[in-house]
Structure formats: structure tokens, C-alpha cells
Amino acid sequence: MKRARFLIALLMLPLLAGCRPHGRETCEAPGDNPIRYELTAMDTFMTMTIYNQPGDVAQRRLRQAAELLQELEGLLSVTDEDSEIYTANHSGGAPAALSDDTRQLLEEALALCEETEGALDVTVYPLVRAWGFTTGEYRVPEEAELSALLENVGYTRVALDGNTLALPAGMELDLGAVAKGYAGDRIMDLFRSTGMLYSIVELGGNVQALGTKPDGSPWRVAVQAPEGGYAGALEIVGKAVVTSGGYQRYFAQDGQIYCHIMDPATGRPVENGLASVTIVADRGIQADALSTALFVMGRERAEAYWRAHQDFDFILLGEDGTAAVTEGLEDSFSLYGDWEDHPLEIIRK
Ligand code: AMP
Ligand code: MG
């Protein structure tokens, strides 16, 4: 958490020149007048910044956004016994009623599971738990245990009918791969509809921005290097930028690295040579879902998926130091820092 906080602080630096907020304090700089809010929700340190508004107006909106995040956490948490997801996961096969937010998120997530042919699968929770990622008590399950768990994994058996969800007994949902993207979309909608036109949020590495910076220039977003520090910088106007990386959460055992993203086809942590996938898309939920899914797919399938869809762009960093971007980012992404001298491959249609 400390490390994440440090990286986020660094990431926001160029946006907040001359301004060093503390805890929930806000701060004001002449000109752009950034008002910033920090909180921890969904187990993640988050920052939200609104520019170019009177302080009290921006603060009211930021508080509203924070409440929204806490509400969503209350609905979607896998560990909070009062959450809708916890209730559904422990319903023993009985139908459970969902709020509109959970229904909408799940509906969109299931569509993306389908579109990615199950590389994204919101029913991987039993696997995530078996490998110890829910508690930090990491272990490598036996093959027989994984085969038994895989019986309960498979998004196609999730029955969603309006706001009623029926999960087969033993199946458990985990919306961790998409929840922050959805939350970011809800916040962007709130800011847009209330005229907070220059704003950016960072929800634990999911960056979402509205429009440009107040001076009309693009927002600059740093892309982390797997080994720490930064690998590159990206300029965006009104986009979502989401990274999934094996280095974000992992454990090592007997010289082998096991990361927190599962290949639903095998029940095992992904291991395909990719270090991270960053997606740039209009919507947070799409960027979040695809960062996880394309990480599972590996380079070749990820490229094929992009060619078939093309409504997003991506940046791939390989464990071997290779870097590749789709052609839509050719002019807006550059490698820097320790990665400055690495070759950057452009993936074309
Ligand atoms: P992200 O950081 O967005 O890539 O999401 C990773 C989180 O989603 C993990 O910590 C798991 O809780 C969950 N997850 C892991 N593998 C998958 C998968 N293949 N499909 C959907 N969710 C997953
Ligand atoms: Mg994701």
C-alpha cells in the first residue's frame, strides 16, 4: 500500500505542480485551482481532482463521488457480509435481488466475458481464494484441487434476469477485475453532468479523465515499469487508462512466480511472458475488463482481439523488456526512464 501511495503521488506530481495536499486536505494553486480528494475504497488508495471550479463547488462534488465509491464498495465487496455480491455468493443456489448498479455492472461484465471468450471470467473467485490471494496465505494447489474448483467456474452458468441473479450453488462472483472501471465511469458521469469539465481520477492505477487540462493540453499519465519506476508516458484527452500487471500482486515459491490474474481455462495464474497490459478506451469498464482479459490472452491473441474490435488501444510490456503499442497511440505514447532505450514496436491493423 505504501509503495502504491508513493507511485500515485509521483504520478500526480506533474498535474499538481506547486501543491502538496495531505490526507483529505485540499489545496489551491493559482490559475487552475486543483481541488483534490483522497480516500481508500475497494481496498485501494484513490485520488480525485477537479480543476477550475470554486473550492466549495468542487468539494461538494468530490464528496459526492466519494460517497458513490463507498456505496459501490458496499454492494460489490466479496468479504463484506452485507454486500449484494457476498449474499449472492452464499445463497446456496437461491435467487438474489440486485440493485440497479450491481445489475448493470454484472450485465456489462458478462457481455465482456462472452466477447473475450472467457479470458475474463467473473466466476474465478474460488481459484483466487485457493491460491491464497484473498488472505495473503499463498499456496500452490494440487492439480486435483484445481480440477474440482474449475467445476464451479464458468460465467455462462450465471443467470441474470432483470435484477434477479441466480448462481449455481458453489459458484462465486468476483467483480474485482471490472469494479473500479465501472466506478470510474459513474464518477465521470457525475462530473460531466454537473459541469466539472476538467477532472481526473486515479482509482488504484485506473486513471480516468474528462476532456483536457484547463489550459487545453492533454493529461499526461505515467505507465509503470514492472520493476518499479516508470516505463513510459501517455497523453490522453477524455479517456480511461487501465493497467493489469503480473507485478501488481504475486508470490514466489520454489523459484516460480505466481500472479493474481487467473487463466480461467487452466485454473492457474497467468504465465505467458507479458509483464503488463495497459488499455486506453472511452469507458472505464471496457478498459478494466480488457486489461485483465488481454493479459490472460497473451500477445498473439491480444493482437487478434484488437484487430477484430479496434474500439480501444493498448500498450504491452513484456517480461523480456519488449514494448509494443497499437497504432492509435503512436503519437501519444513514449518510453522513458529506464525503458527509454528499449525498442517500441507499433502494432498495425
Ligand atoms: P485487474 O487488476 O483489473 O486485472 O483484476 C484482477 C483481479 O480480478 C484479481 O485480483 C482477481 O480478484 C480477479 N481476477 C483474476 N483473474 C481473473 C480473470 N481471468 N477474470 C476475471 N477476474 C479475474
Ligand atoms: Mg481489470
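Residues numbered from 1 in each chain as written. Chains lettered and ligands numbered in written order. Predicted model: local features only at pLDDT ≥ 70, side-chain atom pairs only at ≥ 80, totals over all residues. Heavy atoms only, no water.

Participant: Can you help me understand helix H4 (residues 100–115) in this one?
Facilitator: Count 3.6 residues to each turn of an α-helix, and residues three or four apart come out pointing the same way. Between its terminal C-alpha atoms H4 stretches 22 Å, which fits the 22 Å expected from 16 residues at 1.5 Å a residue. Residues of H4 that are buried include every one of Asp101, Thr102, Arg103, Leu105, Leu106, Glu108, Ala109, Leu110, Leu112 and Cys113, and no others. Looking at the buried side of H4, the elements it contacts are helix H2 (55–76), helix H3 (84–89), strand S4 (159–161), strand S5 (164–166), helix H7 (179–193) and helix H8 (284–297). Within two residues after H4, Glu117 carries a phi angle of roughly 50°, on the positive side. (Helix = DSSP H or I, 4+ residues; strand = E, 2+ residues; numbered from the N terminus. Expected span 1.5 Å × (residues − 1). Buried < 20%, exposed > 50% of the residue type's maximum accessible area, 1.4 Å probe, protein only. Contact = heavy atoms within 4.5 Å.)

Participant: Help me out: how do you make sense of the sheet that holds S5 in this one?
Facilitator: In sheet architecture, strand pairing relies on hydrogen bonds along the backbone and comes in two forms, parallel and antiparallel. Here we have three strands laid out as an open sheet, ordered S3-S5-S4, and antiparallel in their pairing. The sheet is open, and its two borders are formed by strand S3 (96–97) and S4, each paired with just one other strand. Looking at chain direction, S3 and S5 are connected through two bridges and run antiparallel. Looking across to S5, one finds that Ala96 is bridged to Leu165. (Pairing = 2+ DSSP bridges.)

Participant: I would appreciate a short explanation of the environment of Thr156 in the present structure.
Facilitator: Within the secondary structure, Thr156 sits in the loop between helix H6 (143–150) and S4. Relative accessible area serves as the criterion here: at 60%, Thr156 is assigned to the exposed category.

Participant: Can you help me understand the packing of H4 against H7 in this one?
Facilitator: In a pair of packed helices, the angle between the axes and the distance between the axes together describe the arrangement. It is at 11 Å that the axes of H4 and H7 come closest, and there the two elements cross at 120°. Judged by the inter-axis angle, H4 sits oblique to H7. Here H4 runs over H7; the crossing is right-handed. Within the contact between the two elements, H4 uses Asp101, Gln104, Leu105 and Glu108 and H7 uses Ala179, Tyr182 and Arg186. Taken together, the residues that form the contact of H4 with H7 break down as three nonpolar, one polar and three charged. (Axes fitted to C-alpha atoms, helices over the stretch in contact; angles between N-to-C directions. Parallel < 35°, antiparallel > 145°, perpendicular 65-115°, else oblique. Left-handed = near helix turned anticlockwise from the far one by under 90°. Nonpolar A, V, L, I, M, F, W, Y, C, P; charged D, E, K, R; others polar.)

Participant: Please clarify how the site of ligand 1 should be interpreted in this entry.
Facilitator: Around ligand 1 sit 17 residues in total, of which Asp121, Asp174, Ser244, Met262 and Thr292 are the nearest. Between ligand 1 and the protein, one listed contact pairs a nitrogen atom with a backbone N or O atom of Met262 at 2.8 Å. The separation between an oxygen atom of ligand 1 and a polar side-chain atom of Asp288 is 3.0 Å. Calculation on ligand 1 without its partners gives an accessible area of 490 Å², and the protein chains cover 92% of this total. It is H8 that provides the largest number of residues to the shell around ligand 1, a total of three residues. Looking at the shell around ligand 1 residue by residue, the class counts come to nine nonpolar, four polar and four charged. (Near = heavy atom within 4 Å. Polar contact = N/O pair within 3.5 Å; in protein donor to acceptor, adjacent residues only side chain to side chain. Areas by Shrake-Rupley, 256 points an atom, 1.4 Å probe, with all protein chains shown as cover.)

Participant: Got a minute to help me understand the coordination of the magnesium ion (ligand 2) in this structure?
Facilitator: Each donor-metal-donor angle would ideally measure 109.5 degrees in four-coordinate tetrahedral geometry, or 90 or 180 degrees in six-coordinate octahedral geometry. Surrounding the magnesium ion (ligand 2) are the protein donor atoms Ala177 (O), Asp288 (O), Asp288 (OD) and Thr292 (OG1), at 2.1 to 2.5 Å. If you list the donors of the magnesium ion (ligand 2) from N- to C-terminus, the spacing comes out as A-x110-D-x3-T. Residue Ala177 is located in the loop between S5 and H7, and its partner Asp288 is located in helix H8; the two are separated by 111 residues in the primary sequence. (Donors = N, O, S within 2.8 Å, 3.2 Å for Na, K, Ca; no water.)

Participant: What should I look at first to understand the nonpolar core in this one?
Facilitator: In this structure, Met48, Leu69, Ile187, Phe191, Ile279, Leu294 and Phe312 are the most contacted members of the largest nonpolar core, which totals 75 residues. Leave out the neighbours within four places in its chain, and Leu69 touches Leu39, Ala41, Met42, Met46, Met48, Ala183, Ile187 and Leu203. Within the second largest apolar cluster, 21 residues are counted, among which are Leu234, Ala323, Leu335 and Trp339. (Core = buried A, V, L, I, M, F, W, Y, C linked by side-chain atoms within 4.5 Å.)

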